[in-house]
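Coordinate analysis (summary)
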Amino acid sequence: MKNKYVLFLLFLLISGGLYQCKSKEKFESEFVRIDFDKAAVQIMDTLTSQLIGRWNLQQVEFHLKYINSTGSVKKDTVFQNFAILEIQSISREILNRPRCKGQITYNGQLWPVRFDLLADAGRMIEKKGPHAFTLFEWDFPVGSRTWKPEEMFIKNFGLDGENFSIELDNNKNMVWKGLNRDIKEIRMKKI
């Protein structure tokens, strides 16, 4: 009688082990391996092919996160047709991290800008969410810029040094969502 219980227990252990092996094989066959470098390059190819050109900053929405704002905007605000972002070149020295260069035109004045693109891992895995993230910066040669008093509004506007998520749609619309500071969202339309 005791041998029957031992055999039964042994049978359960072996069956459980075989079931786990089968489940692991099934899981591994259903799990898709992603080559993140290749996926990032593919997202960047799609994104950069559409970025070159002129973009109207149709809506720049501010939602102040701090009571004593240090920027040019002092309360929750939406600017309409604020400026033009012209993306003039995109270099691919690092294949999956393109660098965009161009200029912002505001009130008839031009300021050089640059930003690097980093593909969003969520877009690589789930095929949804923003296409990329970026840090937006002025592109003046180091130490060569003295800001004039009439330029202080754009200098302190909140664009420079801000991280954005970037999402592009098929209708030549682009949305940049601010991630750290007071700019909530910039809606752009290609001109």
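For the structure itself, consult the block above.
None of these values were measured; they are calculated from a predicted model.

With 16 residues, helix α2 (residues 36-51) should cover 22 Å at 1.5 Å per step; its first-to-last C-alpha distance of 22 Å lies within 8% of that length. Among the residues making up α2, those that are buried are Ala39, Ala40, Val41, Ile43, Met44, Leu47, Thr48 and Leu51. Residue glycine 53 follows α2 closely and has a positive phi angle near 135 degrees.

Ranked by internal contacts, the top residues of the largest apolar core, which has 41 residues, are Leu85, Leu117, Phe136, Trp176 and Ile186. Looking at which element gives the most residues to this core, the answer is α2, with six residues.

A full pass over the atoms with the stated rule returns 18 aromatic pairs. A centroid spacing of 6.0 Å and a plane angle of 75 degrees characterise the contact between phenylalanine 62 and phenylalanine 79, whose relative ring orientation is edge-to-face. Taken as a pair, phenylalanine 62 in strand β1 (residues 53-62) and phenylalanine 79 in strand β2 (residues 77-80) lie far apart in primary sequence, 17 residues in all. Overall, the relative accessible area of 22% leaves phenylalanine 79 in the partly exposed class. The positively charged end of arginine 145 is found above the aromatic ring belonging to tryptophan 147, 4.8 Å away from the centroid.

Here the focus is the pattern of salt bridges. Using the criterion set out here, one finds nine salt bridges in the structure. For aspartate 139, the salt bridge identified is with arginine 114, shortest N-O distance 2.7 Å. Of the two residues, aspartate 139 is situated in the loop between β6 (132-138) and α4 (152-155) and arginine 114 in strand β5 (residues 109-119); the sequence distance between them amounts to 25 residues. The salt bridge involving glutamate 151 is made with arginine 145; its shortest N-O contact spans 2.4 Å. The exposure class of glutamate 151 is buried, given its relative accessible area of 4%. Sharing partners across several salt bridges, the network here consists of Lys101, Arg114, Glu137 and Asp139.

Attention now moves to unusual backbone geometry. For asparagine 81, which is not glycine, the phi torsion reads 45 degrees and is therefore positive. Turning to its location among the elements, asparagine 81 is positioned in the loop between β2 and β3 (84-91). Phi angles above zero are rare outside glycine, and asparagine 107 is one such case at about 50 degrees. Within the fold, asparagine 107 resides in the loop between β4 (99-106) and β5.

Analysis parameters
Residues numbered from 1 in each chain as written. Predicted model: local features only at pLDDT ≥ 70, side-chain atom pairs only at ≥ 80, totals over all residues. Heavy atoms only, no water. Helix = DSSP H or I, 4+ residues; strand = E, 2+ residues; numbered from the N terminus. Expected span 1.5 Å × (residues − 1). Buried < 20%, exposed > 50% of the residue type's maximum accessible area, 1.4 Å probe, protein only. Core = buried A, V, L, I, M, F, W, Y, C linked by side-chain atoms within 4.5 Å. Phe/Tyr/Trp six-rings, centres within 6.5 Å; stacked < 30°, edge-to-face > 60°. Lys NZ or Arg CZ within 6 Å of the ring centre and 35° of its normal. Salt bridge = Lys/Arg side-chain N within 4 Å of Asp/Glu carboxyl O.

No statement about biological role is implied by the geometric values presented.
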